[in-house]
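Topology and contacts: notes
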Amino acid sequence: MGDTAKIGIGGSTVELPVLKGTAGPDVVDIRKLYSGADVFTYDPGFTSTASCESKITFIDGDQGILLHRGYPIDQLAEKSSFLEVCYLLLHGELPTAAEYAEFEHNITYHTMVHEQFDRFFQGFRRDAHPMAIMVGAVGALSAFYHDSTNIDDPEQRMISAHRMIAKIPTIAARAYKYSLGQPFVYPRNDCSYAENFLRMCFSVPAEDWKPNPVLTRAMDRIFILHADHEQNASTSTVRLAGSSGANPFACIAAGIASLWGPKHGGANEEALNMLKEIGTVENIPDFVKGVKNRERLLMGFGHRVYKNYDPRAKVMQTTCHEVLAAVGHSNDPLLKVAMELEKIALSDEFFIERKLYPNVDFYSGITLRALGFPPEMFTVLFALARTVGWIAQWKEMIEDPSQKIGRPRQLYTGAPQRDYVAVEKR
Ligand code: ACO
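Below, the structure is looked at part by part. For clarity, every value in this text was computed on a predicted model and none was experimentally measured.

In the vicinity of the ligand, 20 residues are found, and the nearest of them are Arg 294, Leu 298, Gly 300, Phe 301 and Arg 304. Within the contact set of the ligand, an oxygen atom lies 3.2 Å away from a side-chain nitrogen or oxygen of His 264. Separating a nitrogen atom of the ligand from a backbone N or O atom of Phe 301 is a distance of 2.9 Å. Here the ligand loses 73% of its free accessible area of 930 Å² to cover by the protein chains. In terms of residue class, the shell around the ligand is made up of 10 nonpolar, 5 polar and 5 charged.

Let's shift gears to the pairing of strand S4 (residues 57-60). Side chains Thr 57 and Ile 59 project from S4 onto a buried face, and the interleaved Phe 58 and Asp 60 project onto a face without burial. Two strands pair when backbone bridges link them, and S4 and strand S5 (residues 65-68) are joined in this way by 4 bridges, in the antiparallel orientation. Counted as the bridge partner of Thr 57 is His 68 from S5. Here S4 folds back onto S5 in antiparallel fashion, the turn holding 4 residues, of which Gly 64 has a positive phi close to 70 degrees.

As a packed pair, helix H9 (residues 213-225) and helix H14 (residues 311-326) sit with axes 10 Å apart at the nearest point and diverge in direction by 160 degrees. On the basis of their axis angle, the class for H9 and H14 is roughly antiparallel. The two elements H9 and H14 meet at a crossing, and its hand is left-handed. Contact residues: Val 214, Leu 215, Ala 218, Arg 221, Ile 222 and Leu 225 in H9; Arg 312, Val 315, Met 316, Thr 319, Glu 322, Val 323 and Ala 326 in H14. Grouping the constituent residues of the contact of H9 with H14 by class yields 9 nonpolar, 1 polar and 3 charged.

Cut-off values and rules
- Residues numbered from 1 in each chain as written.
- Predicted model: local features only at pLDDT ≥ 70, side-chain atom pairs only at ≥ 80, totals over all residues.
- Heavy atoms only, no water.
- Near = heavy atom within 4 Å.
- Polar contact = N/O pair within 3.5 Å; in protein donor to acceptor, adjacent residues only side chain to side chain.
- Areas by Shrake-Rupley, 256 points an atom, 1.4 Å probe, with all protein chains shown as cover.
- Nonpolar A, V, L, I, M, F, W, Y, C, P; charged D, E, K, R; others polar.
- Buried < 20%, exposed > 50% of the residue type's maximum accessible area, 1.4 Å probe, protein only.
- Helix = DSSP H or I, 4+ residues; strand = E, 2+ residues; numbered from the N terminus.
- Pairing = 2+ DSSP bridges.
- Axes fitted to C-alpha atoms, helices over the stretch in contact; angles between N-to-C directions.
- Parallel < 35°, antiparallel > 145°, perpendicular 65-115°, else oblique.
- Left-handed = near helix turned anticlockwise from the far one by under 90°.
- Contact = heavy atoms within 4.5 Å.

As structure tokens, this is what we get:
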């Protein structure tokens, strides 16, 4: 018998099992609490609640550690490729050369979308935010690929995972091209995943497009950095949507909706806007004063889980310097503002006390801008990369025999039961 936790309520004591993971804090299993003591727990924002068991990603926020299937993110960013990380997240192990070749082939040969699907884009206004298009278009995939929506069939689950990973760059690039009024570019099977995406975004039929290996590698690394992050808001949304048995395409659309918010995936756009607003290094002290007076947040700083430097932010900072050098923007004034702001914030008592460190979004805005993307596309790129994490977590949940529909409880503080009053008597 392992450890137990005892909770005393109303004169009686309930004993609850304590579960141990391979890493991270133990968890008190409260599943029998309601039947044993007739009480719920209360944890809005899930600050102390593990919503599921998972083998995919581990974060130690105090140490600044992020592992995918046990492998540290910095090693994956340096030595692996996005598609290999996709395989790892989905299957649990790094692929052999033959497994990788088959996986790459499967993804490459699913990148096209149904021709009729392209008509969806025409229905949006040209000034639609590309995330609005993503929410609609990705949800619409369930109307096109009926042969991979039976969630009880393992083969269909895997095909839907491949389809999502393969088609999301094509859809994201179309959302971008539509906003520019440029023709859609079809995927090419002789390009790598990242190169294909950059090509679909930046090439035009009027001239040849040459890939830049530094930028392609940077794009691939940015995808790796965003591939999964355990039970964050959008991933929990995907799991909750999927727990009712909804098809995977609809679940990923729900995840994209959740990611859109400025406190989650929208933060990179906000961080860049903030740097632009500050403009020059001289304006930083005034800005920091405003943050300390709680007039605003320092976007790209702070994290619910990391109370240390976000390990992804370190890789992103290096990538940022590489990309700026490759496009000849090493003297970008916004980079100067970002580096000085980081220096000041990391030595200021207000931020130290609250354990506020740069997160992955602090440098990603400047990097993505240098790659050629407008701010409205930043969250779309995040959604593209996170799709594999969402689908891996969704698949893990469906394959868990103890899985139940997600149905939280509440602390009701509304009116007690009362009788209906006719309108003339109110
Ligand atoms: N700037 C200034 N103060 C901050 C910031 C910030 N970015 N983040 C937190 N704080 C302060 C809070 O005001 C609070 O202060 P208090 O204790 O005096 O009241 C304290 O730090 C703790 O903050 P919480 O809001 O309790 O932290 P929480 O875990 O709820 O929030 C969050 C995390 C939402 C990410 C927050 O730090 C934030 O809004 N950051 C800016 C947005 C951002 O960069 N988001 C990207 C997250 S990473 C990602 O999604 C990929």
